[in-house]
Amino acid sequence: MIALSVDDVDSHKHWITDIEETQHTKLNYPILADADRKVSKLYDMIHPEANDTLTVRSVFVIDPNKKVRLILTYPASTGRNFDEILRVLDSLQLTDSHSVATPGNWKQGDDVVIVPSITDPEVLKQKFPKGYTAIRPYLRITPQPNR
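Calculation rules
- Residues numbered from 1 in each chain as written.
- Predicted model: local features only at pLDDT ≥ 70, side-chain atom pairs only at ≥ 80, totals over all residues.
- Heavy atoms only, no water.
- Helix = DSSP H or I, 4+ residues; strand = E, 2+ residues; numbered from the N terminus.
- Rg over C-alpha atoms; globule rule 2.2 N^0.38 Å.
- Buried < 20%, exposed > 50% of the residue type's maximum accessible area, 1.4 Å probe, protein only.
- Contact = heavy atoms within 4.5 Å.
- Areas by Shrake-Rupley, 256 points an atom, 1.4 Å probe, with all protein chains shown as cover.
- Phe/Tyr/Trp six-rings, centres within 6.5 Å; stacked < 30°, edge-to-face > 60°.
- Pairing = 2+ DSSP bridges.
- Expected span 1.5 Å × (residues − 1).
- Polar contact = N/O pair within 3.5 Å; in protein donor to acceptor, adjacent residues only side chain to side chain.

(A) Quick peek at the overall build of the protein. Looking only at helices and strands, the protein features four helices and eight strands. Secondary structure elements of the protein, listed N to C terminal, follow the sequence β-α-β-α-β-β-α-β-β-α-β-β. Computed over its C-alpha atoms, the radius of gyration of the protein comes to 20 Å, more than 25% above the 15 Å expected for a compact globule of 147 residues. On the principal axes, the C-alpha backbone points of the protein span a range of 60 × 35 × 25 Å. Taken across its 147 residues, the protein has 24% of its residues classed as buried. Look at the contacts in the protein between residues 6 or more apart in sequence, and 40% of them connect residues 24 or more apart. On the protein, roughly 10500 Å² of surface is accessible, and the fraction owed to carbon and sulfur atoms is 53%.

Right, here's the structure in full:
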């Protein structure tokens, strides 16, 4: 986790204190100052008609291979949902390693969908020993494989 802020470093120090006092949590990730907005403009993180006093509200998930896997941009009036960001990270890690997809609102421990590209019955038995339910040939539900 890295934060990018259009505020200067002195402003960060003040609002970090405010966040820690009001939210009863410790900020444990770096915050990069982008007071000249070069980075935030380069990555289209600020709407061209946005008020200059509003903060950047974009979230990028970049995998270890430096591939952008998710971009979320929230309206300035809406706080980010860290539960959703963590849910997406859990899904990406699971789906990268187990040939499954996660349905909307999926959470750790919920059933998942077997990717349609797996059609060989022997491969299905081997990869999904807990079994699966075929709702349609392309829609097969199985318990989360790593649980």
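Continuing now.
(B) Broad picture of unusual backbone geometry. The phi dihedral of Ser99 is positive, around 55°, even though this residue is not glycine. Accessibility expressed as a relative area gives 23% for Ser99, which makes it partly exposed. Positive phi is not limited to glycine here, since Asn105 has a value of about 65°. When its relative accessible area of 67% is taken as the criterion, Asn105 is described as exposed.

(C) Looking closely at the packing of aromatic side chains. For the structure on display, the rule yields one aromatic pair. Relative to Phe60, the ring of Tyr43 lies with its centre 6.3 Å away and its plane at 75°, an arrangement referred to as edge-to-face. Taken together, the residues span a long stretch of sequence, with Tyr43 in the loop between helix H2 (38-42) and strand S3 (58-62) and Phe60 in strand S3 at a distance of 17 residues.

(D) Region of the structure containing the sheet that holds strand S7 (residues 133-136). Strand order across the open sheet formed by four strands is S5-S6-S8-S7, with antiparallel pairing between neighbours. Single-partner strands in this sheet number two, and they are strand S5 (100-101) and S7. Pairing of strand S6 (residues 112-114) with strand S8 (residues 139-142) involves three bridges; the strand directions are antiparallel. Its bridge partner being in S8, Val112 is matched across the sheet by Thr142.

(E) Spatial organisation of the pairing of S8. Residue alternation in S8 divides its side chains into a buried set, Arg140 and Thr142, and an unburied set, Leu139 and Ile141. Note: S7 against S8, three bridges, orientation antiparallel. By the bridge assignment, Ala134 is partnered in S8 with Arg140. In textbook terms, the turn of a hairpin is the stretch between consecutive antiparallel strands, and for S7 and S8 this stretch comprises two residues.

(F) Local environment of helix H3 (residues 82-98). Compared with an ideal rise of 1.5 Å per residue, which puts 17 residues at 24 Å, H3 spans 24 Å between its outermost C-alpha atoms and is within 8% of the ideal. Taken as a whole, H3 has its buried residues at Ile85, Val88, Ser91, Leu92, Leu94 and Thr95. Check the buried side of H3 and you find it contacts S3, strand S4 (68-73), S5 and S6. The residue sitting at the N-terminus of H3 and contributing the capping side-chain oxygen is Asn81; that oxygen lies 3.0 Å from the backbone nitrogen of Asp83. With its phi angle positive at about 55°, Ser99 sits one or two positions after the end of H3.

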